[in-house]
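Below, each chain spelled out in residue letters.
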Amino acid sequence: MDLGLSGRRALVCAASKGLGRGCALALAREGVAVTITARNAETLERTAEEIRRATGATVTTVAGDIATEAGRAAALAACPEPDILVTNAGGPPPGDFRAWDRDAWIRALDANMLAPIALIQATVDGMIDRTFGRIVNITSGSVKAPIPHLGLSNGARGGLTGFVAGLARQTVRHGVTINNLLPGPFDTDRIRGNAGALAAKAGLSVDAFLEARARENPAGRFGTPDEFGAACAFLCSQHAGFITGQNLLMDGGAYPGTL
Ligand code: NAD
C-alpha cells in the first residue's frame, strides 16, 4: 500500500533508539524527510546515518532534551513546519508512590505530558492552515491497564491522553488527526532497564526474567520496533484521515478485555 507520505516532513522525538527510532525508520521508508531528536548526539548521529543508508531519506538530527524548553526550541527550529509529529520521551522510573515527591512528579509530567502538549501547541495550527497533519503520541499500555510499579507513568500519560481526547475532535475537520500508540512489551533498552529490580525480586537473571515474560505474552514474544513503526506510519498515512482521538494498544493481546 502506498501510504501517500512521500515528500512530507516529520519531527520524531526521542528517536535514536527503540520505538522512536522504529517510527522514524518507517516514515523514512515512505519517503518522509525526518528530523530526529535524542539526548546523546553520538548515538543520534549513528542512527541518522543508518536510516539514511537504509532509506535514502533526508535525516536531520537535533541533540537535546525534549522535556526542556530549550530542547523543544532546537527541535522546532530544525523542523518548524512538520506535517507529522511523533512525540516521545523516556519513561519515568519505576518505584513506590510513597517515595515520589513533587519534583519526581514534575519530572514525569514534564517528559510524558507537558512536553508532548507543548509540541502539539507549537505545530498544530500550522498543520490546520496547511489542511494536513498527523500527530502520534507514544504513550504506554499503562494508560489502558495501569502497571503497579509505574505509577508516575500511569498518572502522567493519563493526563496527556485526556488532553488529546478533547483536541483530536477539534482538529480532524481540518485534516489533522491526533492519536496515541500504546506499547505493551517491546524489545528495547527500556524494557531491559525496567526489568532489573523485578528480576532480582523473582530471583532470576534479567535475561531469564525477560524470556519468561515474553513466553507469557499471548504472542509468545515481545513486539519489535519495526512493527511499532509500521503502525505509526499507517496512522500518519493519507488513508488514516478518519482515525482520530484513538488509543491503539500494541501488546500482542496481553490486555485481557473484550474491548
Ligand atoms: P528506549 O530507552 O529504547 O529509547 C528511548 C529513546 O528516547 C532513546 O533514543 C533516548 O535517547 C531518547 N530519550 C529519552 N528521553 C529523552 C528526552 N528527554 N529527550 C530526548 N530524547 C530522549 O525506550 P523505548 O522502549 O523506545 O520507549 C519509548 C517510550 O515508550 C518511553 O516513554 C517508554 O516508557 C514507553 N514504553 C515502552 C515500552 C516498551 O516495552 N519498550 C512499553 C511501554 C511504554
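Report follows, based on the coordinates.

The rules we used
- Residues numbered from 1 in each chain as written.
- Predicted model: local features only at pLDDT ≥ 70, side-chain atom pairs only at ≥ 80, totals over all residues.
- Heavy atoms only, no water.
- Salt bridge = Lys/Arg side-chain N within 4 Å of Asp/Glu carboxyl O.
- Helix = DSSP H or I, 4+ residues; strand = E, 2+ residues; numbered from the N terminus.
- Buried < 20%, exposed > 50% of the residue type's maximum accessible area, 1.4 Å probe, protein only.
- Pairing = 2+ DSSP bridges.
- Axes fitted to C-alpha atoms, helices over the stretch in contact; angles between N-to-C directions.
- Contact = heavy atoms within 4.5 Å.

Here the structure, examined in full by the defined rule, presents 11 salt bridges. Note that Lys 17 is salt-bridged to Asp 189, the shortest N-O span being 2.9 Å. Residue Lys 17 is found in the loop between β1 (9-12) and α1 (18-29), and its partner Asp 189 is found in helix α6 (residues 189-202); the two are separated by 172 residues along the sequence. With relative accessibility at 47%, the residue Lys 17 sits in the partly exposed group. Look at the salt bridges and you will find they share partners, linking Arg 8, Arg 9, Glu 81, Asp 83 and Arg 130 into a network.

A few words on the sheet that holds strand β5 (residues 133-138). What the 7 strands build is an open sheet, ordered β3-β2-β1-β4-β5-β6-β7; its pairing is parallel. Each edge of the sheet is formed by a strand with only one pairing partner; in this case those strands are β3 (59-63) and β7 (247-250). Looking at each pair of strands side by side, their axes are set apart by 15 degrees on average, direction ignored. With respect to the sheet, helix α2 (residues 41-55) is in contact with β2 (33-38) and β3, its orientation differing from that of β3 by roughly 170 degrees. Here helix α3 (residues 69-78) sits on the sheet in contact with β1, β2 and β3, set at roughly 160 degrees to β3.

Residue Ala 14 is not a glycine yet carries a positive backbone phi of 50 degrees. The exposure class assigned to Ala 14 is partly exposed, which follows from its relative accessible area of 22%. With phi around 55 degrees, Thr 131 is a residue other than glycine that occupies positive phi space. Along the chain, the position of Thr 131 falls in the loop between α4 (102-129) and β5. For Thr 131, a relative accessible area of 54% translates into the label exposed.

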